[in-house]
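Chain by chain, the residues run as shown.
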Amino acid sequence: MRATTIYEAAREAGAPGEDVVTSTCGHNCGGRCVVNAHVKDGRIVRISTDPRKWTFEMPPLTACARGFGAADRVNHPDRLRHPLRRVGPRGSGAYERVSWDDALDEVAAQMLRIRDAYGPAAILDCSRSGNTAVLHNRAAIQRLLHLFGGCTELWSNLSNEAEIFALRHTYGPKADCKFSGREPTDYVNSRLMILWGWSPADGTFGTNNPQYLRWAHERGVRIVSVDPRATRTSVQMSDEHIPIRPGTDAAMLIAMAQVVVSDGRHDQAFLDRLVLGFDEAHLPEGAPPGSSYRSYLLGLSDGVAKTPEWAEPLTGVPAASIRRLARDFATLKPAALHCGYAPGRTGYGEQFHRAAYALCAITGNIGIPGGNSGCSGGARNHGIKRLGAPPNPANSRVASTLLADVLARGRTGGYPADIKMVYSACGDLANQAPNVNKITAGLEGLEFMVVHDHFLTPTARYADIVLPATTFWERSDIHTPWSGAGHYAIFMRQAIQPMYECRNDVDICADLAERLGLVGYKRVDDVEWLREICAGTDVDDFDAFRERGLARLPAPEDPVAFADEVSDPAGHPFSTPSGKIEIYSISIAANPDPHGLGRIPSIPTWIPPHEPDPRHPLELISPKSRARTHSTHDNRATLARVDRQDVWIHPEDAAARGIADGQLARVFNQRGATIVPARVTDRIARGVVSIKEGAWFTPGPSGTDTRGCVNVLTEDRASPCGAPTYNTCLVEIAPA
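Asker: Help me understand the overall build of the protein chain in this model?
Answerer: Along the protein chain, the regular secondary structure elements total 24 helices and 27 strands. Over its C-alpha trace the protein chain gives a radius of gyration of 25 Å, about what one expects of a compact globule, namely 27 Å for 736 residues. Here the protein chain, with 736 residues, has 63% of them falling under the buried criterion. Once local pairs closer than 6 in sequence are excluded, the contacts in the protein chain between residues at least 24 apart make up 74%. When the 79 basic and 84 acidic side-chain charges of the protein chain are each reduced to a single mean position, those positions are 3 Å apart.

Here it is as structure tokens:
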């Protein structure tokens, strides 16, 4: 019998005169925790979290430092309080107060003028993931713009487009990155887990993933971390840390596969039954002879065997370590490979994910308890969907990582339109997309820009009209586990009335729709809309859910994705063209350059991410900060102490440049420079430096950033699948 949904009030009683309201952070933080607002006299006075004690079956959803600081953010003295109109140069921060009517009238008039003069594609939607709940998210703006005739949209996911692409072409278009991995409760069933560029203790990847990793490790699961940095996960819960040169992950995975095949340790029965393209006998009709993955690994197709000795000078990982890890992964079954997003944010990041999935297939570790597909998401869809938007009638799309270039060049660069207006809400792309100096130069040439936000962020400082938006505490919504990591839902009950003159993004867009003469944007009350969204899901008592705040949904019967396809491929084939796991992708072979950004091989292939640059010899990576959610919270001085902003550099690299620990350093390349304190540490690989992403762009008088905004250094380049290349970035560093 299927388990039922359990509704919990995950909060303790408040002090006299306090109302305690359950919610969860609406930001794109990687967790989804219980944050309870203690409200007194209409103001949030403190935050508490889930009081439940740890159990393996039903753990507490405990908030992190960012969640506990939520009251400071909503009550922050710099909150935007009323609409603003720009009165100084773009980026200057000079604004005057205007009324809502004046602000919305101006936005509507400019939208009409620009659409009628240049066409709808001249309006660029820069809304993003600052709010990610089911109702209040970037779709509020998408619905408005699509009803208005469309816009140019930024289509690729800046976090994990490489993973999305690789899943689609390996496991099929129905493979969802949120539900193509396994439940954290299954970690304990592995004999070996390889965490590749995946550190839940640093970046957060599901609320309880670190606790489940510790649980598994304490019960004998061997954990190995592969990462340029020795992360908190590496230090606290791994048996071994293997440092690797950024962007070379595919080479190491390919070399591991070569060892498995050369040793004869591959699972031939699994490959014969379920996999396309491993060997010549299992190529699709019409594939060129010698185009199998086995031929590539053994050098039969190009004369170069992809041995650990071949990979060592590329990756910086000793051949003996590669060979040992490969043999362990093939023999300590079940073994699980968990891939983070960072190795996919490189020059040819899609090859990393495809090579990882191929290794899982070769060893027969897919769809079995204790194994994994190579994806780090959950295993089963909870059924609760975010409200979306209708199709974009302008059909104008640009890869998100090319924001700077489309602003700079428009049609002359081969893009669909010259951008005349930017509409931004739920995001801070001027800070978070690559090549910030080029982005801000492009924004200066706009005819109009409107931003919804809570603060005057680096993006908002370039807007003509800034509209003050509500936080998640000032409206009702629902949220589900991040990336499918768990099976629960949280009702985000409104805790306080909207502060000052702040308004919901949906309400702002509804008023604009009325001014623009658009029909169909208006909707029912938020709570009734949320009731409709829950209909037909495991949330079978909406009123209990709304009142108690936490719905513990039934756990999936199979904790590992693709269990049905592996156990019964005839009845449950994969959604690929062949119905099998495709190491050789039929769809890529038929269309090797799907986005006009470069050709993609039909099998996983090592492609060097960049040419060496003697002027900028250091590889820069930009991991997440525990003090921020991307750029959200960077104006919170108390949180900054949780994870200070600095540049990690190896002692040998620091000594060669005369840099001491704690000293201000200038990190630079041809795109820009930033000033940030140095952290001299052997926890980062030689030849690599690291600056945590998300610090607000703050240029000094010379134009050099002064606060460690890493995206003044990253390149506005897309990988062939449309993914960003943040971690393919060459720099030099010197004393400031």
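Asker: Whenever I open this one, the sheet that holds strand 6 (residues 95-97) confuses me. Can you help?
Answerer: Adjacent strands of a sheet form backbone hydrogen bonds with each other and so pair up, either parallel or antiparallel. Strand order in the open sheet made by the 8 strands is 6-5-17-16-15-7-8-14, with mixed pairing throughout. Each edge of the sheet is formed by a strand with only one pairing partner; in this case those strands are strand 6 and strand 14 (396-398). Neighbour to neighbour, the strand axes of the sheet diverge by 20° on average, direction disregarded. Both strand 7 (residues 123-125) and strand 8 (residues 152-154) contribute to a ladder of 2 bridges, which runs parallel. In the strand pairing of strand 8, Asp125 is matched with Glu153. Packed on one face of the sheet, helix 3 (residues 100-118) meets strand 5 (84-86), strand 7, strand 15 (421-424), strand 16 (448-453) and strand 17 (465-468) and runs near 130° to strand 17. Across the sheet, helix 4 (residues 139-147) lies against strand 7, strand 8, strand 15 and strand 16, angled at about 155° from strand 7, the strand it touches most.

Asker: What exactly am I supposed to notice about helix 12 (residues 308-315) here?
Answerer: Quick reminder: α-helices carry 3.6 residues per turn. Residues three or four places apart thus point the same way. Among all positions of helix 12, only Pro308, Trp310, Ala311 and Thr315 are buried. The buried residues of helix 12 occupy one face: seen down the axis, they fall within an arc of 145°. If you follow the buried residues of helix 12, they end up packed against helix 9 (249-262) and helix 13 (319-331). Phi for Gly316, located one or two positions after helix 12, is positive at around 80°.

Asker: Looking at this structure, how should I read the environment of Arg707?
Answerer: With respect to the secondary-structure elements, Arg707 resides in the loop between strand 26 (688-691) and strand 27 (730-735). On the accessibility criterion, Arg707 (34% relative accessible area) is partly exposed. Spatially, the C-alpha atom of Arg707 lies 19 Å from that of Gly427, the residues being 280 residues apart in sequence. Each residue touching Arg707, except ones within four places of it in the same chain, is listed here: Asp634, Gln645, Thr674, Ile675, Ala695, Trp696 and Thr698. A polar atom in the side chain of Arg707 sits 2.6 Å from the side chain of Asp634.

Asker: What am I meant to see in the packing of helix 12 against helix 13 here?
Answerer: Direction vectors running N to C along helix 12 and helix 13 enclose 120°, while the axes themselves pass 8 Å from each other. The angle between helix 12 and helix 13 falls in the class oblique. Of the two possible hands of crossing, helix 12 and helix 13 adopt the one that is right-handed. Where helix 12 abuts helix 13, its residues Pro308, Glu309, Ala311, Glu312 and Thr315 lie against Ala319, Ile322 and Arg323. Grouping the amino acids of the contact of helix 12 with helix 13 by side-chain chemistry returns 4 nonpolar, 1 polar and 3 charged.

Asker: Please clarify how the sheet that holds strand 3 (residues 35-40) should be interpreted in this entry.
Answerer: Taken together, 3 strands build an open sheet; the order of strands is 2-3-4 and the sheet is antiparallel. Since the sheet does not close on itself, it has two edges, and those belong to strand 2 (19-23) and strand 4 (43-48), each with one partner. Here the average twist between neighbouring strands, direction ignored, is 30°. Where strand 2 meets strand 3, 5 bridges bridge the pair, whose relative direction is antiparallel. The residue of strand 3 that forms the bridge with Ser23 is Val35.

Asker: Sorry if this is basic, but what is going on with the nonpolar core here?
Answerer: Among soluble globular proteins, nonpolar side chains are generally buried collectively. In terms of nonpolar packing, the biggest core is built from 65 residues, with Trp196, Tyr293 and Ile362 touching the most fellow members. It is helix 9 that provides the largest number of residues to this core, a total of 11 residues. Look past the residues within four positions of Trp196 in its chain and what remains in contact with it is Val226, Ile244, Asp249, Met252, Leu253, Met256, Leu337, His338, Cys339, Gly340, Pro343 and Phe352. Counting residues in hydrophobic clusters, the runner-up holds 52 residues, among them Leu158, Ala430, Leu443 and Ala665.

Asker: It is not clear to me how the side chain of Arg11 should be interpreted in this structure. Could you clarify?
Answerer: Relative to the elements of secondary structure, Arg11 occurs in the loop between strand 1 (6-9) and strand 2. As a buried residue without a salt bridge, Arg11 has its nearest oppositely charged side chain in Glu547, at a separation of 4.2 Å. Among the polar contacts made by the side chain of Arg11, one reaches the side chain of Thr22 at a distance of 2.8 Å. Filtering out sequence-adjacent residues up to four positions away, Arg11 remains in contact with Val20, Thr22, Asn36, Pro51, Glu547, Arg548 and Gly549.

Asker: Which parts of the structure should I look at to understand the packing of aromatic side chains?
Answerer: In this description, a pair of aromatic rings is defined by centroid distance and the angle of the planes. Under the criterion given, the structure shown has 18 aromatic pairs. Among the aromatic residues, those joined into a ring-pair cluster are Tyr187, Trp198, Phe205, Tyr341 and Trp482. Above the ring of Trp100, the side-chain terminus of Arg503 is found at 5.0 Å from the ring centroid. Between Arg666 and the ring centre of Phe668, over which it is positioned, the NZ or CZ distance is 4.6 Å.

Asker: What is the right way to look at unusual backbone geometry in this model?
Answerer: Note on backbone geometry: most residues besides glycine have negative phi, and most peptide bonds are trans. That bond from Lys333 to Pro334 is cis: its omega, 0°, falls within 30 degrees of zero. Within the element layout of this structure, Pro334 appears in the loop between helix 13 and strand 13 (335-339). Here Thr204, not a glycine, exhibits a phi torsion of approximately 65°, which is positive. Even without being a glycine, Asn435 presents a positive backbone phi close to 70°. Among the structural elements, Asn435 can be located in the loop between helix 16 (429-432) and helix 17 (436-444).

Asker: Looking at this structure, I do not really get empty space enclosed by the protein. What am I missing?
Answerer: Gaps left between atoms show up when a probe the size of a water molecule is rolled over them. Tallied over the entire structure, the rule returns 7 cavities of 30 Å³ or more. When its volume is computed, the largest cavity comes out at roughly 600 Å³. If you trace the largest cavity, you find 38 residues lining it, with Gly197, Ala342, Arg345, Pro623 and Lys624 closest to the centre. Examining the composition of the lining of the largest cavity, we find that 3 residues originate from one element, helix 6 (residues 200-203), more than from any other. Each residue belonging to the lining of the largest cavity can be placed in one class, and the counts come to 13 nonpolar, 16 polar and 9 charged.

Asker: Would you mind going over the pattern of salt bridges with me for this structure?
Answerer: Side chains that differ in sign of charge can pair as their charged atoms come close. The final tally for this structure, using the stated rule, is 41 salt bridges. Between Arg380 and Asp558 there is a salt bridge, with its nearest N and O atoms 3.7 Å apart. With Arg380 in the loop between helix 14 (349-362) and strand 14 and Asp558 in the loop between strand 20 (549-552) and helix 21 (563-567), this pair connects stretches of sequence that are 178 residues apart. Take Arg380: its relative accessible area is 28%, and that puts it in the partly exposed class. Residues Arg531 and Glu528 are paired through a salt bridge, measuring 3.4 Å at the closest nitrogen-oxygen approach. One end of the pair is Arg531 and the other is Glu528, both in helix 19 (residues 526-534) and 3 residues apart, which spans about a single turn. Residue Arg531 is classed as partly exposed on the basis of its relative accessible area, which comes to 29%. Accessibility expressed as a relative area gives 35% for Glu528, which makes it partly exposed. Ionic contacts of the salt-bridge type, sharing partners, join the residues Arg626, Asp643, Arg644, Asp646 and Lys692 into one network.

Asker: Can you help me understand the pairing of strand 3 in this one?
Answerer: The side chains of a regular strand alternate, residue by residue, between the two faces of the sheet. Of all 6 residues making up strand 3, 5 are buried, and the element is well covered by its neighbours. Taken together, the 5 bridges between strand 3 and strand 4 define a ladder with antiparallel strand orientation. For Lys40, the partnering residue across the bridge sits in strand 4 and is Arg43.

Definitions and limits used
- Residues numbered from 1 in each chain as written.
- Predicted model: local features only at pLDDT ≥ 70, side-chain atom pairs only at ≥ 80, totals over all residues.
- Heavy atoms only, no water.
- Helix = DSSP H or I, 4+ residues; strand = E, 2+ residues; numbered from the N terminus.
- Rg over C-alpha atoms; globule rule 2.2 N^0.38 Å.
- Buried < 20%, exposed > 50% of the residue type's maximum accessible area, 1.4 Å probe, protein only.
- Contact = heavy atoms within 4.5 Å.
- Lys, Arg positive; Asp, Glu negative; His and termini not counted.
- Charge placed at Lys NZ, Arg CZ, Asp CG, Glu CD.
- Pairing = 2+ DSSP bridges.
- Axes fitted to C-alpha atoms, helices over the stretch in contact; angles between N-to-C directions.
- Arc of directions from axis to C-beta.
- Polar contact = N/O pair within 3.5 Å; in protein donor to acceptor, adjacent residues only side chain to side chain.
- Parallel < 35°, antiparallel > 145°, perpendicular 65-115°, else oblique.
- Left-handed = near helix turned anticlockwise from the far one by under 90°.
- Nonpolar A, V, L, I, M, F, W, Y, C, P; charged D, E, K, R; others polar.
- Core = buried A, V, L, I, M, F, W, Y, C linked by side-chain atoms within 4.5 Å.
- Salt bridge = Lys/Arg side-chain N within 4 Å of Asp/Glu carboxyl O.
- Phe/Tyr/Trp six-rings, centres within 6.5 Å; stacked < 30°, edge-to-face > 60°.
- Lys NZ or Arg CZ within 6 Å of the ring centre and 35° of its normal.
- 1 Å grid on protein atoms, 1.4 Å probe; cavity = no way out; pocket = protein on both sides within 12 Å on 5 of 7 lines; lining within 4 Å.
- Points joined across faces, edges and corners; volume = space filled by probe spheres on them.

Shape is all these values report; function is a separate question.
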